[in-house]
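Read off the chains here:
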Amino acid sequence: ICPKPIPGIPYNASAIRSPLGDVPGMIRDITSTPGLYFNDWCAKQSQKLNSPLCQVFLTPFSKPILLLADYDEALDIGSRRTDDFDRGTFMADSFAAFGNFHTRMPTGPEFKASRRWLQDLMAPSFLNGFVAPTTYALVSRLVELWRTKARLAGDKPFSAGTDLDRANFDIMARFFFGEHFGRSSIDAQIELLSDEKAPEVGPRGEAVFPEGAIDSVFYTLHDAGRTVTQMMTSLWPKLTLHWIPWTAGYRRIQATKRQLTRDQVQKSIKRVRAGEKSAGIDYMLSRELAVAEQEGREPDFYNDMIMAEFLGIAYAGMDTTEANISWALKFVIKHPKVQENLRHALHSAYPLAVQENRLPTVAEFLRSTSIPYLDALIEETIRLHPVLSTRDAIRDTEILGHHVPKGTTVFLLPNGPSFLSPPFPIAENKRSSTTRVVKPSKKWNETDMASFNPERWLVRNAQRDVEFDSTAGPQSGFGHGPRACWGKREAYLRMRIALTLLVWSFDFLEVPESMSSMVARPVFVHTPEEIFIRPRPRV
Ligand code: HEM
């Protein structure tokens, strides 16, 4: 009943002496180290076991999970070895509460059908024509809210976490449903402050503002997100799978799907039949209409898989992007020089807006090409707070010369050696045949790999101009290959708009040490435990 390791791959000796595997050690490490969470613990094991491939036993009586800590092999598995590896049980189980969401599926016919409905939503025409102006308008409301809060708070910092949460929720809700979703939840906050009442003062001297009501879909997404963390950290995932459908959170998820069907799908069907398209849902249902016509059947607008995409994607796109915007703000607060450089880069990109003492318009934003320092800051934030990718072996195969049985889950660590600490030396003949034939990736300078330094992404071109180099060194924050992040383009667009408008509008002044913790919350997505800001309006 003790775990059975795969021969030749290092593991913690104590793990195979108990049916509980690595669980007791992991719980001990995590509870005794503030800020250390699941992904960090995994990265630490590869360092402790001093191997680019090791194995851990994360649930009692379980099969081993492989931890791969090498950028070139992870890139290879994600993008080139798709006959050996695919999305597998770990993700499917973790996202169980989301129903037929495509991230849970192997790359087969059902996955392809789901992706067909989503086909238009990452197209430049939809992103630039609909998502950018919508996001710009919503972030402008956040700017308005923080102006009001800054005025009422005087010199006191205040928590920005809930506002960022709401703004990102508003953005995702409108991505799918447009203005038909109703009033923005940031507007509800602004209204609440219209009495100009001074905020209360919290225990650390921070200004505390009241919280307005918010749509029930917001709570549902958080409930659903909690089930992902619950599943990933459950000692008994199979039991948890059976138990989740009985929880109040799960019932709320089902009720929300019914509500969205009633409120949004019906309205969208009318628009689609009238040939009108604006929000994401309209494009999805139009695709279904077109496919149904092609296949000579009635459209199935209420298909459970379409419903599952609304909640699944809203969750996948909300916490991840919000976390990175929050970390980026924390970094610019902690590093005033970076904030100054960023503002200077933004001002140089939009000289007319500086001259006219206003924000860059959405049209200017869309016309501008890359702003290297902004792109570097975003990339550096993702590098330091990445999300884990996983794959399962779909046939008996090998990694770094070791036999890997079919069905084995592999974590492609985005935060271990190669990324945040020096890579392991690996003999060329141990690498996969597909890795050997491509040029090895560039490596990070080993002296400062774990520190925050946006400059690492900048290079000078032949004309001596500074450019952003997305291949400057290893980065796996969005995963690789056909199962990499589907929403990457929207995420970049949102992060660029949000950071441009926020850093243009405010000087983010230093906050006291007691409010500037860089510790992350123990949830699946590396999110700051708290974020306090002290914004001083500029324009
Ligand atoms: C900074 C923000 C984001 C980060 C760091 C991030 C990261 C990731 C990662 C690491 C994966 C797994 C990739 C793999 O296994 O190779 C993923 C998958 C996914 N992401 Fe994102 N994501 C972000 C934003 C978004 C947004 C905004 C959306 C939607 C609008 C989105 C939708 C998805 C979906 C649907 C998948 C599943 C893809 C599949 O299974 O084929 N993500 N994301």
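Residues numbered from 1 in each chain as written. Predicted model: local features only at pLDDT ≥ 70, side-chain atom pairs only at ≥ 80, totals over all residues.

Labelled according to an unreviewed UniProt entry, the chain appears under the name Cytochrome P450, originating from Trichoderma gamsii. What UniProt states about the chain under its Cofactor (unreviewed entry) heading is, verbatim, "heme". (UniProt positions renumbered as here; feature names shortened; annotations may be inferred.)

Our focus in this paragraph is the packing of helix 11 (residues 248–273) against helix 12 (residues 280–295). As a packed pair, helix 11 and helix 12 sit with axes 9 Å apart at the nearest point and diverge in direction by 65°. Taken as axis vectors, helix 11 and helix 12 run roughly perpendicular relative to one another. For the pair helix 11 and helix 12, the sense of crossing is right-handed. Two secondary-structure elements touch here, helix 11 through Gln264, Ser268, Ile269, Arg271 and Val272 and helix 12 through Ile281, Asp282, Leu285, Ser286 and Leu289. Here the contact of helix 11 with helix 12 is built from residues that sort into five nonpolar, three polar and two charged. (Axes fitted to C-alpha atoms, helices over the stretch in contact; angles between N-to-C directions. Helix = DSSP H or I, 4+ residues; strand = E, 2+ residues; numbered from the N terminus. Parallel < 35°, antiparallel > 145°, perpendicular 65-115°, else oblique. Left-handed = near helix turned anticlockwise from the far one by under 90°. Contact = placed C-beta atoms within 7 Å. Nonpolar A, V, L, I, M, F, W, Y, C, P; charged D, E, K, R; others polar.)

A separate point is the domain arrangement of the chain. Looking at the chain, the domain boundaries give domain 1 (13–94 + 388–436) and domain 2 (124–384 + 477–537). The C-alpha-based centres of domain 1 and domain 2 are spaced at 30 Å. Counting from both sides, the interface comprises 19 residues of domain 1 and, opposite them, 20 residues of domain 2. Listing elements by their share of the side of domain 1 that touches domain 2, those giving two or more residues are helix 2 (38–48), helix 3 (71–79) and helix 4 (89–94). The leading source of residues in the side of domain 1 that touches domain 2 is helix 3, at four residues. Of the residues belonging to the side of domain 1 that touches domain 2, the class tally is nine nonpolar, eight polar and two charged. (Domains from an automatic or database assignment.)

Those residues of helix 2 that fall on the buried side of the exposure criterion are Asn39, Cys42, Ala43, Gln45 and Ser46. Seen from one end, helix 2 has its buried residues packed into an arc of 150°, which puts them on one side. Those residues of helix 2 that are buried lie in contact with strand 1 (53–56), strand 2 (65–68) and strand 10 (409–412). At the C-terminal side of helix 2, asparagine 50 shows a positive phi close to 55°. (Buried ≥ 20, exposed ≤ 12 C-beta atoms within 10 Å, placed from the backbone. Arc of directions from axis to C-beta.)

The full set close to the ligand counts 23 residues, and Gly317, Ser389, Gly479, Cys485 and Gly487 are the nearest of them. Mapped onto the shell around the ligand, the elements with two or more residues apiece are helix 13 (304–334) and helix 19 (488–505). It is helix 13 that provides the largest number of residues to the shell around the ligand, a total of six residues. Residue composition of the shell around the ligand, by class: nine nonpolar, 11 polar and three charged. Residues lining the shell around the ligand come from more than one domain, with at least three contributed by each of domain 1 (13–94 + 388–436) and domain 2 (124–384 + 477–537). (Near = placed C-beta within 6 Å.)

Mapped onto the present numbering, the UniProt feature "binding site: heme" (unreviewed entry) falls on Cys485. Along the polypeptide, cysteine 485 turns up in the loop between strand 12 (466–468) and helix 19. Leave out the neighbours within four places in its chain, and cysteine 485 touches Phe478 and Gly479.

Tracing the backbone through its elements, the reader meets arginine 271 in helix 11. Arginine 271 gets classed as partly exposed once you count the C-beta atoms within 10 Å, which come to 18. The spatial distance from the C-alpha of arginine 271 to the C-alpha of arginine 252 is 28 Å, given a sequence separation of 19 residues. In contact with arginine 271, other than residues within four places in its own chain, are Glu276 and Asp282.

Bringing the sheet that holds strand 3 (residues 85–86) into the picture now. Pairing is mixed across the open sheet formed by five strands, whose spatial order is 1-2-10-7-3. Looking at which strands have only one partner, the edges of the open sheet turn out to be strand 1 and strand 3. In the sheet, strand 2 pairs with strand 10 via four bridges, with the strands oriented parallel. Bridge assignment links leucine 67 to a residue of strand 10, and that residue is phenylalanine 411. Against the sheet, helix 3 touches strand 2, strand 3, strand 7 (389–393) and strand 10, its axis set at about 125° to strand 10. (Pairing = 2+ DSSP bridges.)

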